[in-house]
Amino acid sequence: MSVRTVCLGWHWHPYRYSKVTADGSPVLPFPSWLGDLGRRAVSTAYGSSEYEPDIALVNFYDSAAKMGLHQDKDEASLEPVVSLSLGDACVFRFGNTVDRGRPYTDVDLRSGDLFVFGGESRLAFHGVPRILPGTADPELGLVGRLNITLRVSGLESD
Ligand SMILES: O=C(O)CCC(=O)C(=O)O
């Protein structure tokens, strides 16, 4: 993985969540507007409006960054993951739930795209093999790609 990440709500340390970051400072709060956005996405995709995400992983990709195929499985909840892309487009690889091999589907995710995966696809392997540099709208003022994934931790804070 060669991506820079900031966590909101819960901090992801490979391979667990905590309320403190790697340097011991408290994790930044999860903003309610992101929860509203997540609810709209899940309602559109699955027709359920009960979605209450409490984690956001904000990933920044420069032109050379990639993310290897992995499963999002450190959450105690299997509620859907909502992924929002901004800036440069990327090739997003969405695979099967068994391993990193085929079958998988490569889709271009462009700025403004929302990708929701839940139900039988919740534990699908996925990753970003390639950024498509220079494809962001210059008006956005962003060089590179930002991706925000929303998740439900299923965890209780102390
Ligand atoms: O950047 C993306 O589109 C995927 C991000 C991702 O897989 C993750 O944060 O676990």
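Residues numbered from 1 in each chain as written. Predicted model: local features only at pLDDT ≥ 70, side-chain atom pairs only at ≥ 80, totals over all residues. Heavy atoms only, no water.

## Thoughts on the pattern of salt bridges
Using the criterion set out here, one finds 7 salt bridges in the structure. Glu52 is paired through a salt bridge with Arg39; the nearest N and O atoms lie 3.4 Å apart. Of this pair, Glu52 sits in the loop between α1 (32-46) and β4 (55-61) while Arg39 sits in helix α1; the two residues are 13 residues apart in sequence, bridging distant segments of the chain. Relative accessible area serves as the criterion here: at 21%, Arg39 is assigned to the partly exposed category. Here the residues in one salt-bridge network are Asp72, Glu75, Arg122 and Arg151, joined through shared partners. (Salt bridge = Lys/Arg side-chain N within 4 Å of Asp/Glu carboxyl O. Helix = DSSP H or I, 4+ residues; strand = E, 2+ residues; numbered from the N terminus. Buried < 20%, exposed > 50% of the residue type's maximum accessible area, 1.4 Å probe, protein only.)

## A few points about the packing of aromatic side chains
Within this structure, the stated rule accounts for 6 aromatic pairs. Each ring, one from Phe92 and one from Phe94, has its centre 6.1 Å from the other, and the planes form 20 degrees; the classification is stacked. Given the relative accessible area of 16%, Phe94 is considered buried. Feature note: the residues Phe92, Phe94, Phe115 and Phe117 constitute an aromatic cluster, connected by ring pairs. (Phe/Tyr/Trp six-rings, centres within 6.5 Å; stacked < 30°, edge-to-face > 60°.)

## Side note on the site of the ligand
Surrounding the ligand, one finds Asn59, Tyr61, Met67, His70, Asp72, Phe92, His126, Val128, Arg145, Asn147, Thr149 and Arg151. His70 places a side-chain nitrogen or oxygen 2.8 Å from an oxygen atom of the ligand. In isolation the ligand has 290 Å² of accessible area, and contact with the protein removes 96% of it. Listed by contribution, the elements that provide at least two residues to the shell around the ligand are β4, β5 (67-70), β10 (126-132) and β11 (145-151). In the shell around the ligand, the residues fall into 4 nonpolar, 5 polar and 3 charged. (Near = heavy atom within 4 Å. Polar contact = N/O pair within 3.5 Å; in protein donor to acceptor, adjacent residues only side chain to side chain. Areas by Shrake-Rupley, 256 points an atom, 1.4 Å probe, with all protein chains shown as cover. Nonpolar A, V, L, I, M, F, W, Y, C, P; charged D, E, K, R; others polar.)

## Looking at the sheet that holds β11
Spatially, β1-β4-β11-β6-β9 is the arrangement adopted by the 5 strands of the open sheet, whose pairing is antiparallel. The open sheet terminates on both sides in strands that have one partner only, identified here as β1 (4-8) and β9 (114-117). For this sheet, the mean inter-axis angle between neighbouring strands, taken without regard to orientation, is 15 degrees. With 6 bridges joining them, strand β6 (residues 81-87) and β11 adopt antiparallel strand pairing. Along β11, the bridge assignment pairs Ser83 with Thr149. Along the sheet, α1 makes contact with β1, β4, β6, β9 and β11, crossing β9 at roughly 65 degrees. (Pairing = 2+ DSSP bridges. Axes fitted to C-alpha atoms, helices over the stretch in contact; angles between N-to-C directions. Contact = heavy atoms within 4.5 Å.)

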